[in-house]
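The chain contents come next:
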Amino acid sequence: MSETGRFVLATLCGLVLAALVHIGIVFGIPWLGERDAFSRLRSTVAAERSELVAAPGATDTWLPRPDPALAVAACAYDLRDGPVRITTKSGPLFESLSFHSRAGGVFFAVTDRAAVRGLLDLVVMTRPQLDEALAREDEDEPSRDVRVVSPTREGLVIIRVLASQPSWRGQAEEAAKAVSCTSEPVGAT
Amino acid sequence: MSDAAGTAVAAQPAAPRTARRPIRRSGRLPAPVLVAYAMALALLVGFGSAYWVLKGEYPVGSVRIGPWTTWPKIGSREADPYARAVVARSGDVPLGVGEGLAFVASVDSAGRDLDATCSYRVGSMTPQARYWTLTVYDADGRPARTDLGRSGMTSAEILRRDDGSFLVELSRTVRPGNWLQLPSSASFTLILRLYDTPVAAGSAALDARVLPSIERGECGA
């Protein structure tokens, strides 16, 4: 092979490998990165209450481009020890919950409009846990839980409460922090 | 003219000979050198391109409506791998479909970059939503820090005309009515967020008339 040919071949090999490196980085960052929302909130997995991420109007938050009218809180979950129950009382303020799987984006979202008698109550579980819960279920008395299947074992529930006027900010922050996210032992649901 | 052309022609046959000679003299490039070159190229181009594509806004899947840009798929399961990587890199938590939808503008309705030394009029309607917020961000993506201490407005705070339409004025100097102060940074970004909106399901069908326009006024404040 000529010298130029070898050089061109080496360049082509380099570019093909570059494409693989590119793809590897794009798919790897959600799993390996330490700056994503789940990694930042990993330490709160065991907490039974939501953790405030951004108070309304706050500038000292790691959230990029936060909405100053929102109180944002989060519950990080790990379904290894069983499903997690998310319960929140809806108040006069707009409130929404979004469910983010680790590295996989939003898989479910719900607003306070879905609340039944002022209560939003959902159970996050994995597919096997859902199968188990269905198998265990009494046919005459079906469970009334709203079950949300998480595509990954780890994930986040993000709570957003809107303070439509600055005077509501304190209340919005309280509401965002008051969401309970408790692990339920296997078989309880 | 003819002189230069003559020398160029005369030089041509000689040039390749002189260029090739050093390689021939030292023999063929050893294989390890070529492998190292290929590896270096792979790392440089691979990391470089990944960094470049992930550093800013979501690279694919955007819908442009007038001055506004939105990414209708990032709040759903169909988010593309690039969007997921950008979300992970920035620590962002996008609004879910069914929760709301965000529209980002860094240009005005005429397509010119938003300039904080100018004044702007934003209006006069938004798509249907339970609430919406309009926020000014400085060049670093932080809510604009201004003397007034407010960087955004919500639909509940806004003063409206009798027909329900509204106008928000953006400038560095005080204006009557709905006024948001622009930051001291040169450029800025606007984000309009619709909360609890039926639009999220079919944002591709939106047209510029239902979103507020961003008209530039006088500049040089």
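Thresholds, definitions, all that
Residues numbered from 1 in each chain as written. Chains lettered and ligands numbered in written order. Predicted model: local features only at pLDDT ≥ 70, side-chain atom pairs only at ≥ 80, totals over all residues. Helix = DSSP H or I, 4+ residues; strand = E, 2+ residues; numbered from the N terminus. Rg over C-alpha atoms; globule rule 2.2 N^0.38 Å. Buried ≥ 20, exposed ≤ 12 C-beta atoms within 10 Å, placed from the backbone. Contact = placed C-beta atoms within 7 Å. Domains from an automatic or database assignment. Arc of directions from axis to C-beta. Axes fitted to C-alpha atoms, helices over the stretch in contact; angles between N-to-C directions. Left-handed = near helix turned anticlockwise from the far one by under 90°. Nonpolar A, V, L, I, M, F, W, Y, C, P; charged D, E, K, R; others polar. Pairing = 2+ DSSP bridges. Expected span 1.5 Å × (residues − 1). Bend = angle between axes of the 7 residues up to and from the residue.

**Examining the overall build of chain A**
Thinking step 1. Assigned secondary structure in chain A consists of 4 helices and 9 strands.
Thinking step 2. If you list the helices and strands of chain A from N to C, you get α-α-β-β-β-β-β-β-α-β-β-α-β.
Thinking step 3. Whereas a compact globule of 189 residues would reach a radius of gyration of roughly 16 Å, chain A reaches 22 Å, over 25% beyond that.
Thinking step 4. Expressed as lengths along the three principal axes of its C-alpha atoms, the size of chain A is roughly 80 × 50 × 25 Å.
Thinking step 5. Taken across its 189 residues, chain A has 41% of its residues classed as buried.
Thinking step 6. Here the analysis covers contacts within chain A between residues at least 6 apart in sequence; of these, 71% occur between residues at least 24 apart.

**What about the domain arrangement of chain A?**
Thinking step 1. Its domain assignment divides chain A into domain 1 (1-32) and domain 2 (37-183).
Thinking step 2. When each unit is reduced to the centre of its C-alpha atoms, the spacing between domain 1 of chain A and domain 2 of chain A is 42 Å.

**Notes on the domain arrangement of chain B**
Thinking step 1. If you check the domain split of chain B, you get domain 1 (15-54) and domain 2 (63-216).
Thinking step 2. Averaged C-alpha coordinates put domain 1 of chain B and domain 2 of chain B at centres separated by 47 Å.

**Section: helix H4 (residues 169-177) of chain A**
All names here are of chain A.
Thinking step 1. By the burial criterion, the buried members of H4 are Ala-172, Glu-173, Ala-175 and Ala-176. Here the buried residues of H4 occupy an arc of 165 degrees about the axis, which is enough to place them on one side.
Thinking step 2. Considering only its buried residues, H4 is in contact with strand E1 (51-54), strand E2 (70-78), strand E4 (95-101) and strand E8 (154-162).

**A closer look at the packing of helix H1 (residues 3-32) of chain A against helix H3 (residues 31-54) of chain B**
Thinking step 1. Put simply, H1(A) and H3(B) touch, their axes get as near as 7 Å, and they point 35 degrees apart. Handedness of the H1(A)/H3(B) crossing: right-handed. Here Arg6(A), Ala10(A), Thr11(A), Cys13(A), Gly14(A), Leu15(A), Leu17(A), Ala18(A), Val21(A), His22(A), Ile25(A) and Val26(A) of H1(A) lie close against H3(B), whose contacting residues are Leu34(B), Tyr37(B), Ala38(B), Leu41(B), Ala42(B), Leu43(B), Val45(B), Gly46(B), Phe47(B), Ser49(B) and Ala50(B).
Thinking step 2. For the contact of H1(A) with H3(B), the per-class residue count stands at 17 nonpolar, 5 polar and 1 charged.

**Focus: the sheet that holds strand E9 (residues 180-183) of chain A**
Residues and elements named next belong to chain A.
Thinking step 1. The strand order across the open sheet built from 4 strands is E7-E6-E3-E9, with neighbouring strands paired in mixed fashion. Because the sheet does not close on itself, it has two edges, and the strands there are strand E7 (146-149) and E9. Sheet twist, expressed as the mean angle between neighbouring strand axes with direction ignored, is 25 degrees.

**A short note on the interface of chain A and chain B**
Thinking step 1. In this assembly, 47 residues from chain A lie in contact with 53 residues from chain B.
Thinking step 2. Going through the elements one at a time, H1, helix H2 (37-41), E4, strand E5 (105-111) and E8 of chain A are the ones with two or more residues in the side of chain A that touches chain B.
Thinking step 3. With 16 residues, H1(A) is the largest single contributor of residues to the side of chain A that touches chain B.
Thinking step 4. Here the side of chain A that touches chain B is composed, by residue class, of 26 nonpolar, 13 polar and 8 charged.

**Some remarks on H1(A)**
Thinking step 1. Taking 1.5 Å of rise per residue, the 30 residues of H1(A) would be expected to cover 44 Å, and the 40 Å separating its terminal C-alpha atoms lies within 8% of that figure.
Thinking step 2. Roughly 30 degrees is the biggest bend found in H1(A), and it falls at Val26(A), with proline Pro30(A) one to four residues downstream.
Thinking step 3. Those residues of H1(A) lying buried are Ala10(A), Gly14(A), Ala18(A), Val21(A), His22(A), Val26(A), Ile29(A) and Pro30(A).
Thinking step 4. Each element contacted by the buried residues of H1(A) is listed here: H3 and helix H4 (81-90) of chain B.

**What to know about the sheet that holds strand E8 (residues 178-181) of chain B**
Residue and element names in this part refer to chain B.
Thinking step 1. The 4 strands lie next to each other as E8-E7-E4-E10, forming an open sheet whose pairing is mixed. Two strands bound the open sheet, and with one partner strand each, they are E8 and strand E10 (213-216). Here the strands of the sheet are splayed against their neighbours by 25 degrees on average, with no regard to which way each runs.
Thinking step 2. By the bridge criterion, 5 bridges tie strand E4 (residues 120-124) to strand E7 (residues 166-171) in an arrangement that is antiparallel. Paired with Tyr-120 across the strands is Leu-170, a residue of E7.

**Side note on unusual backbone geometry**
Thinking step 1. Backbone torsion omega between Gly123(B) and Ser124(B) reads 0 degrees, so that peptide bond is classified as cis.
Thinking step 2. In this model, Arg65(A) sits at a positive phi of 45 degrees, which is unusual for a non-glycine residue.
Thinking step 3. By the C-beta count within 10 Å, which is 16 here, Arg65(A) ends up partly exposed.
Thinking step 4. The phi angle at Asp196(B) is positive, at roughly 55 degrees, despite the residue not being glycine.
Thinking step 5. Tracing the backbone through its elements, the reader meets Asp196(B) in the loop between strand E9 (189-195) and E10.

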